[in-house]
Amino acid sequence: MTAFDYREGALHAEGVAITDIATQVGTPFYCYSTAALTEQYEAFAGALSGQDATICYAVKANSNQAVIRTFADLGAGADVVSEGELRRALAAGIPADRIIFSGVGKSRDELAYALAQNIHKINVESEPELLLLGELAADRGVEIGIRVNPDVDAKTHEKISTGRADNKFGIDISRAREIFAQAAAMPGITPVSVAVHIGSQLTDLAPLRAAYASVAELVTALRADGHRIDTIDLGGGLGIRYRDESPPSFADYAAIVQESTGNLGCRLFVEPGRSLVGNAGVLVTRVIFDKQGLARRFVIVDAAMNDLVRPAMYEAYHGIRTVQEKASGVVESEADIVGPICETGDTFARDRHLPALAPDDLLVFDSAGAYGAVMAGTYNTRLLIPEVLVKGSEFAVVRARPTYDDLLKLDRLAKWQ
Ligand code: LLP
């Protein structure tokens, strides 16, 4: 990760000292690097350049409009999973005809909104959804994708596995031909795309290869059944390095895409999220206290599980660094890094080696660009934290910290109070 490096002993985001941002913006905050976002996008696009592939950035990973706009300017489309995300993608400048709508529980209103926007594709994930969409599209007609569940174990954390038969996603691949036939018989519906997504933070390509092989076989069978299948949506899922993982390279990924789908002549869509933004962002936090307990040392910081829930929710590992580079030979000891929230689950990491820290010292959590800010909440009546985008020697607050008034006025008393 070169976008967040030490320069003369101080951690920088590109050309900006993290300390300078912290002084102006306050802590905690998320900080993203335009250079890192751009580099990842271009590397992904470059690897797929020999194929007819469109990158639809999975907005759920980081839906700040400044981040989406960065990708829009590079030519990206978007994968969205709610009306809110669809509105964000459009507002950030993604053309409607480059937007794909995935998700297992799209409501009638959401489907109607997506139809009205003429987005590129709605990926249907169940029979009841197909019937509802058929009803909504009966008098206008729509080409759709159908997401299949290939029953492949992505070998990732069980909470983010989506391609096994016991996961809620997609239509069981064994029933796909039957459902495509049902769809094709509906007045407003033309099924032209097969979609698949088996999970996130994949560090092994074998499950993806298996899933793509099943999809390719299905496309051939569907064509034999008389369907005009011209599109395949390959989902997202490529992992990143948080600690010592060796995620597959974009080149190796592109090779399995070519190997499994190259002879079908389909237009391809891919939906990477984490691999484009994960290592392009950090969370900056301030030490409140360095507390020595009887059994353990606790570094208590001003960020908490409501700001970055991944460690509490998925036992996720995030690297932790001091913003001031550690002097060589400095004495370190093991510490748990915890937030101020009133539950033990509010623990970011255990047994990390850190020097003695003073109140106000700054720390960063690495690899926080994906599924960080987007999963934040206001538990303990804590404010959502700002997001900052750096480009070269400039930075901009791309989401401001709300005030306590903003937060409190969301509630109102009942009329009898
Ligand atoms: N396409 C679909 C249909 C998806 O459901 C997802 C992610 C993606 C694409 C993007 O996957 P990616 O390239 O980012 O792996 N909150 C969890 C991750 C949840 C992923 C959900 N689906 C985490 O923090 O690890």
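Residues numbered from 1 in each chain as written. Predicted model: local features only at pLDDT ≥ 70, side-chain atom pairs only at ≥ 80, totals over all residues. Heavy atoms only, no water.

J.: What should I look at first to understand the overall build of the protein in this one?
T.: A count of helical and extended segments in the protein gives 12 helices and 21 strands. Relative to the 2.2 N^0.38 estimate, which gives 22 Å for 417 residues, the radius of gyration of the protein is 23 Å and therefore close to what a compact globule would have. Each principal axis of the C-alpha distribution contributes one length, and for the protein these read about 70 × 60 × 40 Å. Among the 417 residues that make up the protein, the fraction classed as buried is 54%. When contacts within the protein are restricted to residue pairs at least 6 apart in sequence, long-range pairs at least 24 apart make up 68% of them. Roughly 18000 Å² of accessible area belongs to the protein as shown, and the carbon and sulfur atoms make up 50% of that amount. Averaging the locations of the 40 positively and 55 negatively charged side chains of the protein gives two centres separated by 2 Å. (Helix = DSSP H or I, 4+ residues; strand = E, 2+ residues; numbered from the N terminus. Rg over C-alpha atoms; globule rule 2.2 N^0.38 Å. Buried < 20%, exposed > 50% of the residue type's maximum accessible area, 1.4 Å probe, protein only. Contact = heavy atoms within 4.5 Å. Areas by Shrake-Rupley, 256 points an atom, 1.4 Å probe, with all protein chains shown as cover. Lys, Arg positive; Asp, Glu negative; His and termini not counted. Charge placed at Lys NZ, Arg CZ, Asp CG, Glu CD.)

J.: Help me understand the site of the ligand in this model?
T.: Surveying the vicinity of the ligand reveals 19 residues, the closest of which are S200, E271, R274, R310 and Y371. At a separation of 2.6 Å, an oxygen atom of the ligand approaches a polar side-chain atom of R310. Residue Y314 places a side-chain N or O atom 2.8 Å away from a nitrogen atom belonging to the ligand. Across the complex, the protein chains shield 92% of the 590 Å² of accessible surface that the ligand would expose by itself. The residue inventory of the shell around the ligand, partitioned by class, reads 6 nonpolar, 7 polar and 6 charged. Counting residues domain by domain, the shell around the ligand receives three or more from each of domain 1 (4–32 + 280–408) and domain 2 (63–272). (Near = heavy atom within 4 Å. Polar contact = N/O pair within 3.5 Å; in protein donor to acceptor, adjacent residues only side chain to side chain. Nonpolar A, V, L, I, M, F, W, Y, C, P; charged D, E, K, R; others polar. Domains from an automatic or database assignment.)

J.: Looking at this structure, how should I read the pattern of salt bridges?
T.: Proximity of charged atoms lets side chains of opposite charge pair with each other. Under the criterion given, the structure shown has 21 salt bridges. Residues D166 and R164 are paired through a salt bridge, measuring 3.0 Å at the closest nitrogen-oxygen approach. R175 is the partner of E178 in a salt bridge, and the nearest nitrogen-oxygen pair spans 2.7 Å. Assessed through its relative accessible area of 29%, R175 is described here as partly exposed. Among the ionic contacts, a cluster of salt bridges with common partners joins R296, D336, R350 and D351. (Salt bridge = Lys/Arg side-chain N within 4 Å of Asp/Glu carboxyl O.)

J.: Could you clarify how one ought to interpret the packing of aromatic side chains in this entry?
T.: For any pair of aromatic rings, the description consists of the separation of the ring centres together with the inter-plane angle of the planes. Tallied over the full model, the rule gives 7 aromatic pairs. Where Y30 meets Y32, the ring centres are 6.3 Å apart and the plane angle is 25 degrees; that geometry is what we call stacked. Judged by centre distance (4.4 Å) and plane angle (45 degrees), the ring pair of F348 and F365 falls under tilted. With F348 in strand 18 (residues 347–355) and F365 in strand 19 (residues 362–365), this pair connects stretches of sequence that are 17 residues apart. (Phe/Tyr/Trp six-rings, centres within 6.5 Å; stacked < 30°, edge-to-face > 60°.)

J.: What should I look at first to understand the domain arrangement of the protein in this one?
T.: A common way to state how big an interface is: give the accessible area lost once the parts meet. Per the domain assignment, the segments making up the protein are domain 1 (4–32 + 280–408) and domain 2 (63–272). Each of domain 1 and domain 2 has a C-alpha centre, and these two points are 34 Å apart. Facing the 15 residues of domain 1 at the interface are 13 residues of domain 2. Summing both partners gives a buried area of about 1100 Å² for domain 1 against domain 2, and 57% of it is carried by carbon and sulfur. In terms of surface lost to domain 2, no three residues of domain 1 exceed Y314, Y317 and S367, which account for 43% of the buried area on that side. The interface formed by domain 1 and domain 2 contains 5 residue pairs in polar contact (both at pLDDT 80 or more). (Buried area = accessible area lost by both parts, 1.4 Å probe.)

J.: What is the right way to look at the pairing of strand 2 (residues 10–13) in this model?
T.: On a regular strand, each side chain points to the face opposite its neighbour's, so the side chains alternate between the two faces of the sheet. In the sheet, strand 1 (residues 4–7) pairs with strand 2 via 4 bridges, with the strands oriented antiparallel. Directly across from Y6, in strand 2, lies its bridge partner L11. With 2 bridges connecting them, strand 2 and strand 3 (residues 16–17) associate as antiparallel partners. Paired with A13 across the strands is V16, a residue of strand 3. Where strand 2 folds back onto strand 3 in an antiparallel hairpin, the turn is made up of 2 residues, including E14, whose phi is positive at roughly 50 degrees. (Pairing = 2+ DSSP bridges.)

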